[in-house]
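Tertiary structure, described
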Amino acid sequence: MTILSYIEDIKKDEPIELNQKEITELLNVKRQDVLRLMKVATDRRDNNDITYSKNIFIPLTEVCRNSCGYCIFKKESDDPSVILLKDKEEIIKELEVSQKYGCKEALITFGEQADEDELVLKVLNEKGFENIGDYLYDVCEEILDKTNLLPHSNCGVLPYNMLKKLKEVNVSMGMMLENSSPRLMETIAHKNSPGKNPKLRLETISNAGKLNIPYTTGILIGIGEKKYEISDSLIDIKDLQEKYGHIQEIIIQNFKSKVGTPMEFYNEPSLLDMIRTVSVAKLLFNDVSIQVPPNLNYHTNQIFLLCGADDWGGISPLTKDYVNPNDKWPRINELQKFSMELGFKLKERLAIYDKYINEEHLNQKLLSKTEVLKEKLI
Ligand code: SF4
């Protein structure tokens, strides 16, 4: 019996337990079995909803202690065009505009531990902050006090105490695991990125679990990893999910080569590899949304819905994807068309998934704001 036949015999609601070898076998299925893999994955859906969150993207700083081989987000602090530290007043003004477009999520993403940079630290000190985490807390608090948006921060590796502090002003947080293989720390992708050490990243995701923070994570496909390393990464995330139950969505992101980066001439992952990975992720995570970024897969988006993907992620009607500025987000009515053509229903969600909107995961202030916004969802 092949592993695929074994999975086909498992009842829809029963969890699927697979080891590294079995997952790797699925990640390598040949053409005669690809459609079977997709079918068994998409059949595990429990509804026909495809969700998205209407957001605004706030790059708090473009400075980052890492230098990943595929990144065009990061800028040096002495670059005349850099966002060294975005001003709180400017952020609030942008958020006020975004409210008019119906945005409900303030996605605050920025370079990791940027306060290791002297210039960033100087500006932080001038504003009365000792580190970037404290500034982020202040920004999020202001967002909660002055706007109707819900903060979701994504700022890389963070220590336990900072996560604990930020939990008070964020409805959810996130950070891509990317891959849990330490081998990649020796490769062009991550050799200059101490923060991409998988041990540190898994520790952050684990600490978020201990703190009951609804969390987004995911893997990056095509940065030089082997198939068995993808399997290990999914198993590591699954272990944390089984322990803490805090992972609300898993992003399966495809590497995109970008001009001027060290990995400019690296091959992007094939559509087949993405199909197999998305399908396997759906099989392993019955209770977690599977997200494939629609701006990175404009012409192939619908295929992933046929593999069990059920979320488009954050879609911004007014800001670009600063991490992938060349890949425009589809318009919401395009996502609606993509979904409807396959018999699915596009549904707006908040930055926090419904099952986490409770006192166990949110303080009273966050809970009240979230409940009000939930009523406004279309
Ligand atoms: S990809 Fe993220 S962590 Fe890596 S250099 Fe760019 S901003 Fe920093």
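Residues numbered from 1 in each chain as written. Predicted model: local features only at pLDDT ≥ 70, side-chain atom pairs only at ≥ 80, totals over all residues.

1. Considering the pairing of strand β3 (residues 150-154)
The test is simple: Put simply, a residue is buried when 20 or more other C-beta atoms lie within 10 Å of its own C-beta and exposed when 12 or fewer do; between those, it is partly exposed, and each C-beta is set from the backbone. By the criteria applied, helices consist of DSSP H or I runs no shorter than four residues and strands consist of E runs no shorter than two, each listed in order from the N terminus. Here the rule is simple: two strands pair whenever DSSP picks up at least two bridges between them. For crossovers, right-handed means that the path from the first strand over the helix to the second runs clockwise, given strands pointing away from the viewer.
Most of β3 is tucked away: four of the five residues are buried. Judged from the five bridges that link them, strand β2 (residues 105-109) and β3 form a sheet pairing that is parallel. The partner of Leu107 across the bridge, within β3, is His152. Here two bridges tie β3 to strand β4 (residues 172-174), and the two strands are oriented parallel to one another. Across the sheet, residue Ser153 finds its bridge partner in β4, namely Met173. Chirality of the crossover, the property in question, places the unit of β3, helix α7 (residues 160-167) and β4 among those that are right-handed.

2. As for the packing of helix α2 (residues 20-27) against helix α9 (residues 227-244)
Keep this limit in mind: The axes used here are C-alpha line fits, helices contributing only the stretch in contact, and every angle between their N-to-C directions lies in the interval 0 to 180 degrees. These descriptions rest on fixed angle ranges, namely under 35 degrees for roughly parallel, over 145 for roughly antiparallel, 65 to 115 for roughly perpendicular, and the rest for oblique. If you view the pair so one helix is near and one far, a crossing is left-handed when the near helix is turned anticlockwise from the far one by less than a right angle, and right-handed when it is turned clockwise. In this description, a residue-residue contact is defined by the distance between C-beta atoms placed from the backbone, which must lie within 7 Å. The classification used treats Ala, Val, Leu, Ile, Met, Phe, Trp, Tyr, Cys and Pro as nonpolar, Asp, Glu, Lys and Arg as charged, and all other residues, Gly among them, as polar.
Here α2 crosses α9 at 120°, and the two axes come no closer than 8 Å. In terms of orientation, α2 and α9 fall into the oblique class. By crossing handedness, the relation of α2 to α9 is classed as right-handed. Mapping the contact onto sequence places Gln20, Ile23, Thr24 and Leu27 in α2 and Lys227, Tyr228, Ile230, Ser231, Asp232, Leu234 and Ile235 in α9. Of the residues contributing to the contact of α2 with α9, the split by class is six nonpolar, three polar and two charged.

3. Remarks on the packing of helix α8 (residues 198-210) against α9
With their axes 9 Å apart at the nearest point, α8 and α9 run at an angle of 15° to one another. It follows from the interaxial angle that α8 and α9 lie roughly parallel. Between α8 and α9 the crossing geometry is right-handed. Across from Leu202, Ile205, Ser206, Gly209 and Lys210 in α8, the residues of α9 making contact are Asp236, Leu240, Lys243 and Tyr244.

4. Concerning the nonpolar core
The criterion, for reference: Take the buried Ala, Val, Leu, Ile, Met, Phe, Trp, Tyr and Cys residues, join any whose C-beta atoms are within 7 Å, and the set you get is a nonpolar core.
Ala106, Leu136, Ile250, Ile252, Val278 and Ala281 are the most contacted members of the largest nonpolar core, which has 94 residues in total. If one sorts the elements of this core by residue count, helix α6 (residues 132-146) sits on top with eight residues. With near-sequence residues (within four places) excluded, Leu136 lies in contact with Leu60, Ile108, Ser153, Cys155 and Leu166.

5. Concerning the pairing of β2
Most of β2 is tucked away: five of the five residues are buried. Here β2 shows two buried faces, one formed by Glu105, Leu107 and Thr109 and the other by Ala106 and Ile108. Across five bridges, the pairing between strand β1 (residues 49-59) and β2 is parallel. When the bridges of β2 are listed, Ile56 appears paired with Ala106. Handedness of the crossover is the feature at issue here: the chain leaves β1, passes through helix α4 (residues 88-100), returns alongside β2, and the resulting connection is right-handed.

6. Re unusual backbone geometry
For residues that are not glycine, phi is negative in most cases, and the peptide bond is trans in most cases. Despite not being glycine, Gln113 shows a phi value in the positive range, around 40°. Secondary-structure assignment places Gln113 in the loop between β2 and α5 (118-126). Positive phi, normally seen in glycine, also occurs at Asn212, with a value near 60°. Counting through the fold element by element, Asn212 comes out in the loop between α8 and β5 (215-221). In this structure Asn212 comes out as partly exposed when scored by C-beta crowding, with 16 C-beta atoms within 10 Å.

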